[in-house]
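Here is how the chains run, residue by residue.
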Amino acid sequence: MPTALRAIPRYFLFLPALAISLFGCASLHNTAMEGQSPATAFVVLGEMGTPVARVVTAAPTCPKIKINGMDNAMNVRVNPQTLPLRPTRSAPFDTKPSAFPLLVCEKFIPPHTDSISVDGRALPLPVAQVNRIVVIGDTGCRIKKADNAAQPCNDTRQYPFAALATAAAKWKPDLVIHVGDFLYRETACPEGNAGCAGSPWGYGWDAWNADLFSPGRDLLEAAPWIMVRGNHESCTSAGQGWWRFMDPRPLVPGRDCVMPSNDNNGDFSDPYAVPIGDDQQIIVLDTASTPSTAIQPGDIREVKYADMYRKFDALSKQAGYNIGVNHHPILGFAAKKDAQGQISLLPGNGGLQSVFGAINPTLLPSSVNVMISGHVHLWEQVSFSSQHPTQFIVGFSGTSEDIVPLPATLPSGLTPAPDAVVEHFSSWVDGFGFMTMERTGANQWDVKVWSVSGRQVNQCRIDGKKSVCVSAQVKEP
């Protein structure tokens, strides 16, 4: 039986919530050829063990959803609307209200569900034991006048997310993890720039569709997703779309990034765990609003992230093996080059380190084995001889790459965090791709790194908290 139609075992129904979203967009499918309403279907894994189906449609009413072959009505999550203009980080350049002309519907999926479909198209369901995972991150096409950035979105070689998503789908994962930063088209393409001419921009539906739903269609249809919130989905960026479309929890007034006065609610959410079988789980952290430098006492982020750490710690005690996923790397490196051409290596996120470190000097709960993040636009692996979890950075799946080189061997004593002693380090700079994880044992995973074309360029092994890779540095032409 195809993966999309596998039954959900009774105990699996107590996993964190599942959200299934169908996005109507005429550019995605030819309705005349298919004889049905256009849609892109995907499955998001969330909290509380309650699956919920979500549909976004241009129709005036919610469609029927077929569950185990029977039609069911859906409820309105949020109506179409154009939201009032609010302060965003794209100001003082191009700003406009965010237009969401589509109806968002949802339906809780009952236990013992074997199949779900809308308009005759089956949706992928989760499996009790996840053995094959695709990891991607930072996938949008970067257009930002403040940074003089205008990535050629019309050039599939320089913005290859669609081809990458297709290649990753062919690997046939049980689960996809996106580590955040979905939308990058913040301002209008500069006049006369053929590379991004005609691109939608801003934070409304058209930009979301161009950066994720249209190019990512094949991978969205291949397996359930875990969505991790990045800084590009904070309230001053694409947070409104995040809450309407992506977050697996119910949409709560005041936690929707509509009114700036509510951003202290809209910019934060609790962590949640997704069991993946064999006493393992993935814990999802929302770190969208962390700064790169230390958070000062009294800052709302100090309170929010301290609370997040305590909940993260409690969740990690629910399983024997824990994989944490968040957007900002706590234990990784980035590189920068100054005006004189000197390269320096930057440590992990200073905001999270300052808050987490005040609670736990080793920064992360002792029962966390692996951290997977994005934000830095490259691929990286770091493993430690100290009792820190291994860190992977997967921020190389579409947006403009960070091209300042990392060394093949780190300078002696260099560390991404206090008391973290690096044992193994591997990187790939200036190359687009995706990462896969295949379970090989109770606490072992085989990790592979792939180019856009689906060519393997590196291989690593995770064993408990440790990891090591075949190549210390990937060199692709």
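The structure displayed is predicted, hence computed values, not measured ones.

1. Let's talk about the overall build of the chain
Scanning the chain for helices and strands turns up eight helices and 29 strands. Judged by the C-alpha coordinates and their principal axes, the chain covers about 60 × 55 × 50 Å. Buried positions account for 59% of the 477 residues belonging to the chain. Partitioning the contacts of the chain with sequence separation of at least 6, the portion at a separation of at least 24 is 73%. Summing over all exposed atoms, the chain offers an accessible surface of approximately 18100 Å²; the carbon and sulfur share of this is 54%.

2. Quick word on the packing of helix α7 (residues 300-316) against helix α8 (residues 350-359)
Between α7 and α8, the shortest axis-to-axis distance is 9 Å and the interhelical angle comes to 55 degrees. By the criterion of interaxial angle, the relationship of α7 to α8 is oblique. For α7 against α8, the interelement crossing comes out right-handed. Residues Arg301, Glu302, Tyr305, Ala306, Met308, Tyr309 and Arg310 of α7 form the contact with α8, whose own contacting residues are Leu352, Val355, Phe356 and Ile359.

3. Looking at the sheet that holds strand β4 (residues 65-67)
As summarised here, the arrangement of the four strands in space is β5-β4-β10-β11, forming an open sheet in which the pairing is antiparallel. Edge positions in the open sheet fall to β5 (70-72) and β11 (121-122), since each of these has one partner strand only. Relative to β11, strand β10 (residues 116-118) runs antiparallel, the two sharing two bridges. Counted as the bridge partner of Ser117 is Ala122 from β11.

4. Points about the pattern of salt bridges
Tallied over the entire structure, the rule returns 21 salt bridges. Across the pair Arg142 and Asp147 runs a salt bridge whose closest N-O atoms are separated by 2.6 Å. Taken together, the shared-partner salt bridges in this structure form one network comprising Glu47, Asp247 and Arg249.

5. Details of the sheet that holds strand β24 (residues 390-394)
Ordered in space as β17-β18-β19-β22-β24-β23-β25, the seven strands form an open sheet in which the pairing is mixed. Of all the strands in the sheet, the pair left with one neighbour each is β17 (272-277) and β25 (422-428). Direction aside, the axes of adjacent strands within the sheet are offset by 15 degrees on average. As defined by bridge partners, strand β23 (residues 379-384) adjoins β25 across six bridges and the pair is classed as antiparallel. Bridge pairing in β25 links Ser383 to His424.

6. Structural notes on the environment of Val421
Locating Val421 in the fold gives a position in the loop between β24 and β25. Along the backbone, Val421 and His388 are 33 residues apart, and their C-alpha atoms lie at a distance of 8.4 Å. Each residue touching Val421, except ones within four places of it in the same chain, is listed here: Ser383, Phe384, Ser385 and Ser386.

7. Focus: the state of the cysteines
Under the defined criterion, the tally for this structure stands at five disulfides. Two residues share a disulfide in this structure: Cys62 and Cys105, whose sulfurs sit 2.1 Å from each other. Between Cys62 and Cys105, the disulfide has an S-S torsion of -95 degrees and is therefore left-handed. You can see Cys62 sitting in the loop between β3 (52-57) and β4 and its partner Cys105 sitting in strand β9 (residues 103-108), a full 43 residues away along the chain. The burial state of Cys62 is the same as that of Cys105; both residues are buried. Disulfide partner of Cys235: Cys257, at an S-S distance of 2.1 Å. Its S-S torsion of approximately -65 degrees makes the covalent link between Cys235 and Cys257 left-handed. One end of the pair, Cys235, is in the loop between β16 (224-227) and α5 (239-246); the other, Cys257, is in the loop between α5 and α6 (263-266), with 22 residues separating them in the sequence.

8. Regarding the side chain of Asp286
Summarising the element assignment, Asp286 is placed in the loop between β18 (280-284) and α7. At a separation of 3.1 Å, a polar atom in the side chain of Asp286 contacts the side chain of Arg229. Within polar-contact distance, the side chain of Asp286 engages the backbone nitrogen of Ala288 at 3.1 Å. Beyond its immediate stretch of four places on either side in the chain, Asp286 contacts Arg229, Asp267, Phe268, Ser269, Tyr305 and Met308.

9. Considerations on the packing of aromatic side chains
The relative placement of two aromatic rings is captured by the distance of their centres and the angle of their planes. Throughout the structure, instances matching the rule amount to 14 aromatic pairs. With centroids separated by 5.5 Å and ring planes inclined at 20 degrees, the aromatic side chains of Trp205 and Phe213 adopt a geometry described as stacked. Residues Trp205 and Phe213 agree in their burial class; the two are buried. Look at Trp205 and Phe245: their rings are 5.5 Å apart centre to centre, the planes differ by 70 degrees, and that puts the pair in the edge-to-face class. A residue pair is termed long-range when its members are at least 10 positions apart, and Trp205 in helix α3 (residues 205-213) and Phe245 in helix α5 qualify at 40 residues. Of the two residues, Trp205 and Phe245, both sit in the buried class.

10. Focus on the environment of Leu406
Within the secondary structure, Leu406 is located in the loop between β24 and β25. The sequence separation of Leu406 and Asn262 amounts to 144 residues, and the corresponding C-alpha distance is 40 Å. Residues in contact with Leu406, not counting those within four places in the same chain, are Ala334, Ala335, Leu345, Leu378, Glu380, Phe425, Ser427, Val429 and Gln473.

11. Concerning the nonpolar core
Counting residues in hydrophobic clusters, the biggest one holds 49 residues, and the most contacted among them are Trp208, Phe213, Leu219, Met227, Phe245 and Met246. Those elements giving two or more residues to this core turn out to be β2 (40-45), β12 (132-136), α2 (161-170), α3, α4 (217-220), β16 and α5. It is α2 that contributes the most residues to this core, six residues altogether. Among the nonpolar cores identified, the runner-up in size contains 35 residues, and Ile133, Phe392, Val457 and Cys460 belong to it.

Each value, and the rule that gives it
- Residues numbered from 1 in each chain as written.
- Predicted model: local features only at pLDDT ≥ 70, side-chain atom pairs only at ≥ 80, totals over all residues.
- Heavy atoms only, no water.
- Helix = DSSP H or I, 4+ residues; strand = E, 2+ residues; numbered from the N terminus.
- Buried < 20%, exposed > 50% of the residue type's maximum accessible area, 1.4 Å probe, protein only.
- Contact = heavy atoms within 4.5 Å.
- Areas by Shrake-Rupley, 256 points an atom, 1.4 Å probe, with all protein chains shown as cover.
- Axes fitted to C-alpha atoms, helices over the stretch in contact; angles between N-to-C directions.
- Parallel < 35°, antiparallel > 145°, perpendicular 65-115°, else oblique.
- Left-handed = near helix turned anticlockwise from the far one by under 90°.
- Pairing = 2+ DSSP bridges.
- Salt bridge = Lys/Arg side-chain N within 4 Å of Asp/Glu carboxyl O.
- Disulfide = S-S within 2.5 Å.
- Polar contact = N/O pair within 3.5 Å; in protein donor to acceptor, adjacent residues only side chain to side chain.
- Phe/Tyr/Trp six-rings, centres within 6.5 Å; stacked < 30°, edge-to-face > 60°.
- Core = buried A, V, L, I, M, F, W, Y, C linked by side-chain atoms within 4.5 Å.

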